[in-house]
Amino acid sequence: RKHPTVLHRRSMMYHWNLLTISIFYGLPVVQLVVTYQTVLHQTGNEDLCYYNFLCAHPLGLLSDFNHVYSNLGYVMLGGLFMVFVWRREYMYNQQVEENPAIRMYGIPQHSGIFYAMALALIMEGLMSGCYHICPNHSNFQFDTAFMYTIAILCMLKIYQFRHPDINANAYTAFGVLAFVIFIGVLGVTNSTIPFWIFFTGCHVITCMIVSIQIYYMGRWKVNAGLFKRVWLMLYNDILSMGMGHWRALKPT
């Protein structure tokens with residue numbers, strides 16, 4: 001088991017990495033949608049954005065204020081969740097100060113992924129609001145990028161609940177997230193049958209490799225020899241089943 005300080009540092013890498021990603025991802029998004037809205041007002045070309053005019057309520061420079069404002073709930077709930085996480089961490093640190101031996105026993109306490117989940121929920125509200133400033137086909141990934149982020153962080157946290165002494169590398173996790181978002185962008189820009197065949201194959205293989213990695217943690221290595229080991233395992237299992245069946249039929 002690794003030292004609690006090492007585990008704590010690895011856990012805290014999640015929300016710092018996500019904060020950096022959010023800044024570099026969010027600023028161009030805000031600039032783009034504000035430019036769209038400005039051009040729409042200057043030219044009067046409402047085909048730039050696809051609004052539902054039956055329920056759109058303009059206010060000021062925003063042509064669809066109510067759909068932008070409705071995302072405020074995500075931001076508020078994300079901030080509230082972050083406060084709860086901070087309070088939980090503060091109370092735990094108070095207990096550790098009173099009795100330092102607590103840190104060496106029991107289940108390790110990690111808050112990094114919780115902070116990242118709260119930040120991802122806040123960013124989902126902001127990015128969804130940006131998407132609804134000027135909703136169109138090319139802006140759709142603004143509304144979904146942090147949905148993928150929340151889903152991956154929830155999966156990592158659920159796994160960490162069962163394996164509290166294991167922390168997935170934050171850089172690897174966000175690298176996988178980048179690949180998922182890249183596939184999502186390809187699905188928007190190049191939605192063809194060959195692409196979906198390729199995506200389905202990659203999805204099945206990825207699910208198989210991740211399942212093996214989780215189930216056989218530390219006993220299997222995901223490398224070039226993985227498929228050879230799977231084949232040998234299946235071959236030996238089939239061979240042993242055949243030998244067992246033959247021995248059952250052999251008279252004693």
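Further up the page is the structure itself.
Residues numbered from 1 in each chain as written. Predicted model: local features only at pLDDT ≥ 70, side-chain atom pairs only at ≥ 80, totals over all residues. Heavy atoms only, no water.

Caption draft 1: Spotlight on the overall build of the chain. The secondary structure content of the chain amounts to eight helices and zero strands. Across the chain, helices and strands are ordered from the amino to the carboxyl terminus as α-α-α-α-α-α-α-α. Within the chain, the proportion of its 252 residues that are buried is 31%. Taking as baseline every contact in the chain between residues at least 6 positions apart, the subset at least 24 positions apart corresponds to 68%. For the chain, the computed accessible surface area is about 16700 Å², with 70% contributed by carbon and sulfur atoms. (Helix = DSSP H or I, 4+ residues; strand = E, 2+ residues; numbered from the N terminus. Buried < 20%, exposed > 50% of the residue type's maximum accessible area, 1.4 Å probe, protein only. Contact = heavy atoms within 4.5 Å. Areas by Shrake-Rupley, 256 points an atom, 1.4 Å probe, with all protein chains shown as cover.)

Caption draft 2: The arrangement of the packing of aromatic side chains in detail. Using the criterion set out here, one finds six aromatic pairs in the structure. Ring geometry for Tyr25 against Phe146: centres 5.9 Å apart, planes inclined by 80°, an arrangement best described as edge-to-face. Here Tyr25 is found in helix 1 (residues 4-43), whereas its partner Phe146 is found in helix 5 (residues 140-162), with 121 residues between them in sequence. Classification of Tyr25 by relative accessible area gives partly exposed; the value is 23%. When the centroid spacing of 5.7 Å and the interplanar angle of 20° are considered together, the rings of Phe65 and Tyr69 count as stacked. Note that Phe65 and Tyr69 are positioned in helix 2 (residues 65-69) at a spacing of four residues, about one turn of the helix. The class of Phe65 is partly exposed, set by a relative accessible area of 28%. Positioned above the aromatic ring of Phe114 is the side chain of Lys157, whose terminal nitrogen or guanidinium carbon lies 4.3 Å from the ring centre. (Phe/Tyr/Trp six-rings, centres within 6.5 Å; stacked < 30°, edge-to-face > 60°. Lys NZ or Arg CZ within 6 Å of the ring centre and 35° of its normal.)

Caption draft 3: Quick look at the side chain of Ser128. You can see Ser128 is positioned in helix 4 (residues 112-133). Of the polar contacts made by the side chain of Ser128, one reaches the side chain of Asn71; its length is 2.7 Å. Non-local contacts of Ser128, meaning those with residues more than four positions away in its chain, are made with Asn71 and Asp143. (Polar contact = N/O pair within 3.5 Å; in protein donor to acceptor, adjacent residues only side chain to side chain.)

Caption draft 4: A look at the nonpolar core. Ranked by internal contacts, the top residues of the largest apolar core, which has 29 residues, are Tyr14, Leu18, Ile113, Met127, Phe146, Leu153 and Leu156. Those elements that provide at least two residues to this core are helix 1, helix 4, helix 5 and helix 6 (170-189). No other element matches the twelve residues that helix 4 contributes to this core. Those residues in contact with Tyr14, other than ones at most four positions away along the chain, are Gly112, Ile113, Ala116, Leu153, Leu156, Ala168, Asn169, Ala170, Ala173 and Phe174. (Core = buried A, V, L, I, M, F, W, Y, C linked by side-chain atoms within 4.5 Å.)

Caption draft 5: Structural detail: the side chain of Asp143. When you line up the elements, Asp143 lands in helix 5. One buried charge, Asp143, has no salt-bridge partner; the nearest side chain with opposite charge is Lys157, at 25 Å. (Lys, Arg positive; Asp, Glu negative; His and termini not counted. Salt bridge = Lys/Arg side-chain N within 4 Å of Asp/Glu carboxyl O.)

Caption draft 6: A look at the packing of helix 5 against helix 6. Where helix 5 meets helix 6, the axes come as close as 10 Å, and the angle between the chain directions of the two elements is 140°. Overall, the two elements helix 5 and helix 6 adopt an arrangement that is oblique. By crossing handedness, the relation of helix 5 to helix 6 is classed as right-handed. When helix 5 is examined against helix 6, the residues Ala145, Tyr148, Thr149, Ile152 and Leu156 are found in contact with a partner set consisting of Ala173, Leu177, Val180 and Ile181. (Axes fitted to C-alpha atoms, helices over the stretch in contact; angles between N-to-C directions. Parallel < 35°, antiparallel > 145°, perpendicular 65-115°, else oblique. Left-handed = near helix turned anticlockwise from the far one by under 90°.)

Caption draft 7: Representation of the packing of helix 3 (residues 72-98) against helix 4 within the structure. Running from N to C, helix 3 and helix 4 cross one another at 165°; their axes reach a closest spacing of 7 Å. Between helix 3 and helix 4, the crossing angle belongs to the class labelled roughly antiparallel. Of the two elements, helix 3 crosses helix 4, and the hand of that crossing is left-handed. Packed against helix 3, whose contacting residues are Tyr74, Val75, Leu77, Gly78, Gly79, Phe81, Met82, Val85, Trp86, Arg88 and Glu89, the element helix 4 presents Phe114, Tyr115, Met117, Ala118, Leu119, Leu121, Ile122, Gly125 and Leu126 at the interface. Within the contact of helix 3 with helix 4, the residues separate by chemical class into 15 nonpolar, three polar and two charged. (Nonpolar A, V, L, I, M, F, W, Y, C, P; charged D, E, K, R; others polar.)

Caption draft 8: Focus on the environment of Tyr50. Looking at the secondary structure, you find Tyr50 in the loop between helix 1 and helix 2. The exposure class assigned to Tyr50 is exposed, which follows from its relative accessible area of 57%. In the structure, Tyr50 is positioned 87 residues away from His137 in sequence and 8.8 Å away in space, judged by C-alpha atoms. Apart from the residues within four sequence positions on either side, Tyr50 is in contact with Pro135 and Asn136.

Caption draft 9: Local environment of helix 5. Taking 1.5 Å as the rise per residue, helix 5 with 23 residues should run 33 Å; its terminal C-alpha atoms sit 35 Å apart, in good agreement. Every buried residue of helix 5 is accounted for by Phe142, Asp143, Thr144, Ala145, Phe146, Thr149, Ile152, Leu153, Leu156, Lys157, Tyr159 and Gln160. (Expected span 1.5 Å × (residues − 1).)

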